[in-house]
Structures are given as structure tokens and as C-alpha cells.
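Chains, contacts and geometry: an overview
As a plain string of letters, each chain reads:
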Amino acid sequence: MRNICMTVSYDGTAYHGFQTQPSNNTIQDILERAIRSLTGETIKITSSGRTDAGVHARCQVINFITSSPIPLVRWCLALNTLLPADIIVSNARQVDDNFHSRRSADRKTYRYTIRCGKHPDLFRRNQEYFHPTPLNTEAMQSSLPCLVGEHDFTSFCSIRSTKKSNVRTIYAASLECEPVDPILQSYGIHIHVTGNGFLYNMVRIIVGTLIQIGEGKRSADAMSEILSLRDRALAGPTAMPHGLVLWEVLYDNDEISS
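These numbers were taken from a predicted model, which means no experiment stands behind them. (Residues numbered from 1 in each chain as written. Predicted model: local features only at pLDDT ≥ 70, side-chain atom pairs only at ≥ 80, totals over all residues. Heavy atoms only, no water.)

1. Looking at the side chain of Glu-128
- Among the structural elements, Glu-128 can be located in the loop between strand 5 (105-117) and strand 6 (129-131).
- Of the polar contacts made by the side chain of Glu-128, one reaches the side chain of Arg-115; its length is 3.1 Å. (Helix = DSSP H or I, 4+ residues; strand = E, 2+ residues; numbered from the N terminus. Polar contact = N/O pair within 3.5 Å; in protein donor to acceptor, adjacent residues only side chain to side chain.)

Here's what the structure looks like:
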């Protein structure tokens, strides 16, 4: 028996999220069916995080236990022939028996992209939230540092969350702007948030609040106050899912062997 770990990238537009649902139209469902077709085994995969419907991943990490003798170098090539074009696996490696793609993760980074300006980008419309009116990105950027550190993020957590604790540690939060596209007269705003874990809808609620700050509906100082009051009703709306990407998952190098 081997514990196999892989990186999965996907466009989540057509799926009901990562985790298995009764609809059978999730990333997990598709991956498990492909593995069953390849090996004949009915396998339950573990992921580094559960992305919602419409959310994407550049670097989702999965692992599963298999008795298949398929060489590591063949796994991804074989699976990619069975997967739809909007899901790709890469970097198959064998890991320690106790490796767990979620519990073993040191930190995760999510990226949210807003397209701000006159016209949306036709080719990136499924990965960007389009905002046609100007945003004050300086105010948005200045509101982010208060999120860094260990905090209770109740204000930025869906009321449907079932987690026992809303305390999480954020290591970095930043905003960067792309140059203006002269044809579209618009530009991408990328918001990166890195932490040891995230609550349900946490990044999307942070972004919804940031957008209100950028629109001038809230001051840049409001973010700190909202955080401290621990009340979801005080934060902004939950931003649309399609702008969100699970960007990176990092592990202790000693836990993953080639």
C-alpha cells in the first residue's frame, strides 16, 4: 500500500465545489471516478481544502491510499487522459503513511481577482469578478495589515460554519494591481491572503468588505473595527465565488518524499 500525493488544478466553473455532493458533480467525484477507471479500486481521496461551487484551484493537494503498482511517473499522464479538460493532475509523489493533505499543511494562500474598469476580460471572465466603477486600491491596501496575526475571525465567517473555533493565523495579506489594459481600459486587482487555515467563506467576506472600502462606503479603518467586534453582520457581503483561486499550499519538506 502506498500513500500517493498529487497536485490538482481546476476551473471550478462547471462544478458544485470540491467535496462530494449528492449531485455527483464535484471535483472529488470526477477524480475518484478516474482513479477507479484506472486502477479498479474504489478510493476516497483527501484534499488540502474544500472549495465552494465556482471556486478554482491552481494548487489543490490531494492524497489517497492505493495498492496499485502503477509507477509514480505514469500516474498523472494516465489520469489526465481520463479527466475532463478543466481538471489536471500533476507532480505525483509518494508520501509518508501519516501524511494528510489538509492536516499536514503548514499554510495556504488564496487569491481573489477583481477586474476594475470599463470592460471585462472575455478570456478571464470565469476567474475575475468584474467591477466597472473605480476602486480606491490605496485604501483597500491600507486596511489589510490589521488582518495579519492570530485573531478570532468570526466577523469574516459564514454563519453556516460548523468549526469549533474561529481563531486563525494570517501570515500575509496583500493587494497588487496589474497595468491597465489599453484595449479593455481595465485592470486586474489581485488580493492574496496566506494563513494556517480558513473559515467558511472567510476570504470572500474579507474581499466583499474590501470592495466596500474601495467604493468609499467604509473607511480603511473599518476593517480593524469589524474584526475586533466579532459580528458577521458588521462585515461586507460575500464576494462572488468565481474570482477566488486556491493559489498555493505549502508543507514541511520533510513530509513529502519523491
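2. What about unusual backbone geometry?
- A positive phi angle is found at Asn-91, which is not glycine, with a value near 55 degrees.
- Considering the arrangement of structural elements, one finds Asn-91 in strand 4 (residues 87-95).
- Backbone geometry at Arg-230 places phi at a positive 55 degrees, although glycine is not the residue there.
- Looking at the secondary structure, you find Arg-230 in the loop between helix 5 (222-229) and strand 10 (244-251).

3. Considerations on the pattern of salt bridges
- Enumeration over the complete set of coordinates arrives at 7 salt bridges.
- The salt bridge partner of Asp-121 is Arg-115, with a shortest N-O separation of 3.9 Å. With respect to class, Asp-121 is no different from Arg-115; both count as buried.
- The salt bridge involving Glu-128 is made with Arg-115; its shortest N-O contact spans 3.1 Å. Linking Glu-128 in the loop between strand 5 and strand 6 with Arg-115 in strand 5, this pair joins segments that are 13 residues apart in sequence.
- Look at Glu-128 and you get buried, because its relative accessible area is 5%. (Salt bridge = Lys/Arg side-chain N within 4 Å of Asp/Glu carboxyl O. Buried < 20%, exposed > 50% of the residue type's maximum accessible area, 1.4 Å probe, protein only.)

4. Examining the packing of aromatic side chains
- If you walk through the whole model with that rule in mind, you get 4 aromatic pairs.
- Considering the side-chain rings of Tyr-10 and Phe-18, the 6.2 Å spacing of their centres and the 35 degrees angle between planes classify their relative orientation as tilted. Like Tyr-10, the residue Phe-18 is buried in the burial classification.
- With a centroid separation of 5.1 Å and 80 degrees between ring planes, the pair formed by Tyr-110 and Phe-198 is classed as edge-to-face. Linking Tyr-110 in strand 5 with Phe-198 in the loop between strand 9 (186-195) and helix 4 (202-214), this pair joins segments that are 88 residues apart in sequence.
- The exposure class assigned to Tyr-110 is buried, which follows from its relative accessible area of 9%.
- Here Phe-198 falls in the buried class, since its relative accessible area comes to 15%.
- Directly above the aromatic system of Trp-247 lies the positively charged group of Arg-58, at a separation of 4.5 Å from the ring centroid. (Phe/Tyr/Trp six-rings, centres within 6.5 Å; stacked < 30°, edge-to-face > 60°. Lys NZ or Arg CZ within 6 Å of the ring centre and 35° of its normal.)

5. Considering the pairing of strand 1 (residues 2-10)
- Burial within strand 1 is extensive, with 8 of its 9 residues counted as buried.
- With 8 bridges joining them, strand 1 and strand 3 (residues 56-66) adopt antiparallel strand pairing. Each bridged residue has a counterpart across the sheet, and for Met-6 the counterpart in strand 3 is Ile-62.
- Pairing of strand 1 with strand 4 involves 7 bridges; the strand directions are antiparallel. (Pairing = 2+ DSSP bridges.)

6. Thoughts on the environment of Gly-12
- Within the element layout of this structure, Gly-12 appears in the loop between strand 1 and helix 1 (27-39).
- Separated by 128 residues in sequence, Gly-12 and Met-140 have C-alpha atoms that sit 27 Å apart.
- Ignoring sequence-local partners within four residues, the contact set of Gly-12 consists of Gly-54, Val-55 and His-56. (Contact = heavy atoms within 4.5 Å.)

7. Concerning the side chain of Thr-137
- Topologically, Thr-137 is positioned in helix 3 (residues 137-142).
- Ignoring sequence-local partners within four residues, the contact set of Thr-137 consists of Leu-175, Cys-177, Tyr-187 and Ile-189.

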